[in-house]
Amino acid sequence: MLTPQLNTRLGLLFFSTLAGAAYAETINVPGNYANLHDAVQAAQPGDEILVGPGEHAAGVSISKSITVRSHAGPEQTTLVGSGDGPVVQLEAGPNGGGTLVGFTITNGSGHNGGGLFLSGDVAVIDCTVSGNQAQNGGGAFLVGSPVLSDVRFFSNQAENGGAVFLSPDATAILDVCDFFDNSAVSGGAVYISPRGSRTTFATIGAGAFDDNAANDGAAIYARMSGFDIVEANFNNNFAAARGGAIFAADGEFSSIASATIRNGEADEGGAIYLDGFGEFRIQDCEISENTASDWDAAVSVRDSHELAVQGTSIWGNSPEPISGDWNDLGSNSFDAPQLCVVDFAAPHGVIDIQDLMLFVNLFTSRDPAADLAAPTGMHDLNDLIVFINLYFGGCE
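Residues numbered from 1 in each chain as written. Predicted model: local features only at pLDDT ≥ 70, side-chain atom pairs only at ≥ 80, totals over all residues. Heavy atoms only, no water.

A word on empty space enclosed by the protein
Keep this limit in mind: Here a cavity denotes a set of grid points, spaced 1 Å apart and computed over the protein atoms alone, in which a 1.4 Å probe fits but from which it cannot get out, and a pocket denotes an open set meeting protein on both sides within 12 Å along at least five of seven lines; residues with an atom within 4 Å of a point are reported as lining. Grid points are joined across faces, edges and corners, and a volume is the space filled by probe spheres set on the points. Throughout, the ten residues Ala, Val, Leu, Ile, Met, Phe, Trp, Tyr, Cys and Pro are labelled nonpolar, Asp, Glu, Lys and Arg are labelled charged, and all others, Gly among them, are labelled polar.
Applying the stated criterion across every chain, the model contains 1 cavity of 30 Å³ or more. The volume enclosed by the largest cavity comes to roughly 30 Å³. If you go around the largest cavity, the residues you meet are Ser 225, Ala 248, Gly 251, Glu 252, Ser 254, Gly 278, Glu 279, Phe 280 and His 305. For the lining of the largest cavity, the class distribution of residues is 2 nonpolar, 5 polar and 2 charged.

If you want it as structure tokens, here you go:
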């Protein structure tokens with residue numbers, strides 16, 4: 001999925017690269033130069049550096065409008081840090097920003113950014129960032145307006161932002177990015193810093209957040225900042241204190257739409273924890289089977305934070321679905337969906353004796369709902385066989 005913002009941002013990067021395309025060259029590593037550092041030093045704006053398979057020592061700084069691309073993709077091409085600073089620093093220069101495509105980034109360590117330090121209108125596409133650590137942004141530290149598309153963050157660690165840290169005033173796009181098994185004290189996957197002179201804001205589209213952990217905000221932590229999340233999936237994230245998936249406090253207007261949050265866990269706010277002032281909207285989401293162990297709720301609303309919810313299915317959460325004040329905009333459901341056609345009786349989500357009794361009544365009265373097998377229009381042995389298989393198989 002390419003969001004409108006991503007299309008616009010990538011278009012600007014593309015046309016800035018075209019400015020030098022008339023004289024662009026392709027530089028091969030190790031063909032023309034033995035290492036990436038020397039190739040970057042020799043490159044001119046608009047050039048492309050094509051890197052061959054294998055492990056390459058990195059710790060490289062790029063401040064030119066060039067493209068650095070792997071020949072064989074991230075599965076076969078790895079940039080390895082020295083453990084002393086980011087693996088790659090990619091910063092926009094006077095002629096625009098560069099682009100990094102198709103690498104695994106690993107073994108980075110630093111104060112700001114273990115794997116990547118990104119500044120300005122730069123882009124990282126189709127990369128895997130894993131096994132890095134930092135004080136802020138174990139996987140990547142973001143300044144300005146970078147774009148990350150189809151980037152996978154695995155097993156990165158930091159004090160703040162296990163995978164990604166947005167510095168004050170950054171406006172980053174994270175599109176089709178996945179975050180697995182990252183950890184931090186605040187923001188196990190993503191940390192969005194408090195605003196400086198303007199809003200710090202993250203646009204997040206069509207990504208997965210699984211098995212991330214933090215004290216607050218296992219997937220996303222935002223204080224005095226904002227975000228817009230569309231079509232993301234959150235699964236099995238854990239916060240020791242607040243926000244099994246999301247922690248937001250004292251912030252700008254933020255929203256999450258067409259997303260799922262499942263199996264999150266925290267003391268308070270098994271899925272989402274909202275505190276202080278701010279506005280938050282949940283639209284067309286599923287929030288299910290999250291747990292708040294401190295007798296709280298899946299969505300916890302504190303102080304004067306304003307929450308509006310519309311078109312959302314909230315079910316199977318323990319001990320409560322929502323605590324605190326919130327605005328019901330309509331079309332919300334607190335019942336589990338049917339598991340399958342034999343999940344007849346409410347509450348849905350479990351196959352039990354109530355479903356059996358209701359099926360018997362429907363079958364004997366020849367109700368169409370009990371006509372489970374071909375040929376349709378008949379209630380016969382075939383319908384009974386389908387019911388028995390699904391009933392005892394738990395709908396499988």
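Overview of helix α3 (residues 353-364)
Stated formally: In this text, helices come from DSSP runs of H or I with a minimum length of four residues, and strands from runs of E with a minimum of two, each type numbered from the N-terminal end. What a helix is expected to span follows from its residue count: subtract one and scale by 1.5 Å. Buried, partly exposed and exposed residues are distinguished by accessible area as a fraction of the type maximum, computed with a 1.4 Å probe on protein chains only: under 20%, between the cut-offs, and over 50%, respectively. Throughout, the arc means the angular range of directions from the helix axis out to the C-beta atoms. When checking whether two residues touch, look at their non-hydrogen atoms; a contact exists if any pair is within 4.5 Å.
The first and last C-alpha atoms of α3 sit 17 Å apart over 12 residues, in line with the 16 Å expected at 1.5 Å per residue. Here α3 has its buried residues at Asp 355, Phe 359, Leu 362 and Phe 363. Along the axis of α3, the buried positions cluster into a sector of 95 degrees, meaning they face one direction only. For α3, the secondary structure elements touched by its buried residues are α4 (381-392). Following α3 by one or two positions, Arg 366 adopts a phi angle in the positive range, close to 55 degrees.

Observations regarding the packing of α3 against α4
Rule in force here: Axis definition: a line fitted to C-alpha atoms, limited for helices to the stretch in contact. Angles are taken between N-to-C directions and run from 0 to 180 degrees. By definition in this entry, angles of less than 35 degrees are roughly parallel, angles greater than 145 are roughly antiparallel, angles of 65 to 115 are roughly perpendicular, and the rest are oblique.
For the pair α3 and α4, interaxial distance at closest approach is 12 Å and the crossing angle is 170 degrees. As summarised for this structure, α3 and α4 are arranged roughly antiparallel, according to the angle between their axes. Contacts from Ile 353, Asp 355, Leu 356, Phe 359 and Phe 363 in α3 reach Asp 383, Leu 384, Phe 387 and Tyr 391 in α4. Residue classes in the contact of α3 with α4 are distributed as 7 nonpolar, no polar and 2 charged.

A few points about the sheet that holds strand β4 (residues 60-62)
Applicable threshold: For two strands to be treated as a pair, DSSP must find at least two bridges joining them.
Strand order across the open sheet formed by 11 strands is β4-β7-β11-β14-β17-β21-β25-β29-β33-β37-β40, with parallel pairing between neighbours. Sheet topology places β4 and β40 (322-323) at the edges, where each strand pairs with a single neighbour. By the bridge criterion, 2 bridges tie strand β37 (residues 299-301) to β40 in an arrangement that is parallel. For Ser 300, the partnering residue across the bridge sits in β40 and is Ser 323.

A closer look at unusual backbone geometry
Each neighbour pair has its own omega, and for Val 29 with Pro 30 the value is 15 degrees, a cis peptide bond. Structurally, Pro 30 can be placed in the loop between β1 (26-29) and α2 (36-42). For the bond running from Ser 318 to Pro 319, omega is -5 degrees, close enough to zero to count as cis. Tracing the backbone through its elements, the reader meets Pro 319 in the loop between β39 (313-315) and β40. Its identity is not glycine, yet Asp 126 carries a phi of approximately 50 degrees, on the positive side. In this fold, Asp 126 is placed in strand β12 (residues 123-130). Judged by its relative accessible area of 26%, Asp 126 is partly exposed.

What to know about the packing of aromatic side chains
Applied cut-off: Each pair of aromatic rings taken from Phe, Tyr and Trp, with Trp reduced to its six-membered ring, is defined by centres within 6.5 Å and is described as stacked if the planes are under 30 degrees apart, edge-to-face if over 60, and tilted in the remaining cases.
For the coordinates displayed, the defined rule picks out 18 aromatic pairs. Ring centres of Phe 141 and Phe 165 lie 5.1 Å apart, and the angle between their planes is 5 degrees; on these two criteria the pair is classed as stacked. In this pair, Phe 141 is assigned in strand β14 (residues 140-143) and Phe 165 in strand β17 (residues 164-166), connecting sequence segments 24 residues apart. Each member of the pair, Phe 141 together with Phe 165, is buried. When the ring of Tyr 191 is compared with that of Tyr 221, the centres are 5.0 Å apart and the planes differ by 10 degrees; the resulting orientation is stacked. Placement of Tyr 191 in strand β21 (residues 190-192) and of Tyr 221 in strand β25 (residues 220-223) is noted, with a sequence separation of 30 residues between them. Taken individually, Tyr 191 and Tyr 221 each receive the classification buried, so the pair is uniform in this respect. Aromatic ring contacts, followed pair by pair, group Phe 117, Phe 141, Phe 165, Tyr 191, Tyr 221, Phe 247 and Tyr 273 into a single cluster.

Examining the state of the cysteines
For clarity, the cut-off: Two cysteine sulfur atoms make up a disulfide if the distance between them is within 2.5 Å.
Evaluated as defined, the whole model comprises 1 disulfide. Cys 127 provides the cysteine sulfur closest to Cys 177, a residue in no disulfide bond, and the two sulfurs are 10.0 Å apart. Exposure remark for Cys 177: the relative accessible area of 1% places this residue in the buried category.

Notes on the pairing of strand β33 (residues 272-275)
Every other side chain in a regular strand lies on the same face of the sheet, so the side chains alternate between the two faces. Covered by surrounding structure in β33 are Ile 272 and Leu 274 together with Tyr 273 and Asp 275, the residues of both alternating faces. Across 4 bridges, strand β29 (residues 246-249) lies against β33 in parallel orientation. Paired with Ala 248 across the bridge in β33 is Leu 274. Bridge count between β33 and β37: 3 bridges; the pairing is parallel. Counterpart to Leu 274 in the pairing with β37 is Val 301.

Section: α4
One full turn of an α-helix is made of 3.6 residues, so residues set three or four places apart face in the same direction. If you check α4, its first and last C-alpha atoms are 17 Å apart, about what 12 residues at 1.5 Å a residue would give, namely 16 Å. Among all positions of α4, only Asp 383, Phe 387, Leu 390 and Tyr 391 are buried. For α4, the angular spread of the buried residues around the axis is 100 degrees, confining them to a single face. Opposite the buried face of α4, at more than 90 degrees from it, the exposed residues are Leu 381, Asn 389 and Phe 392.

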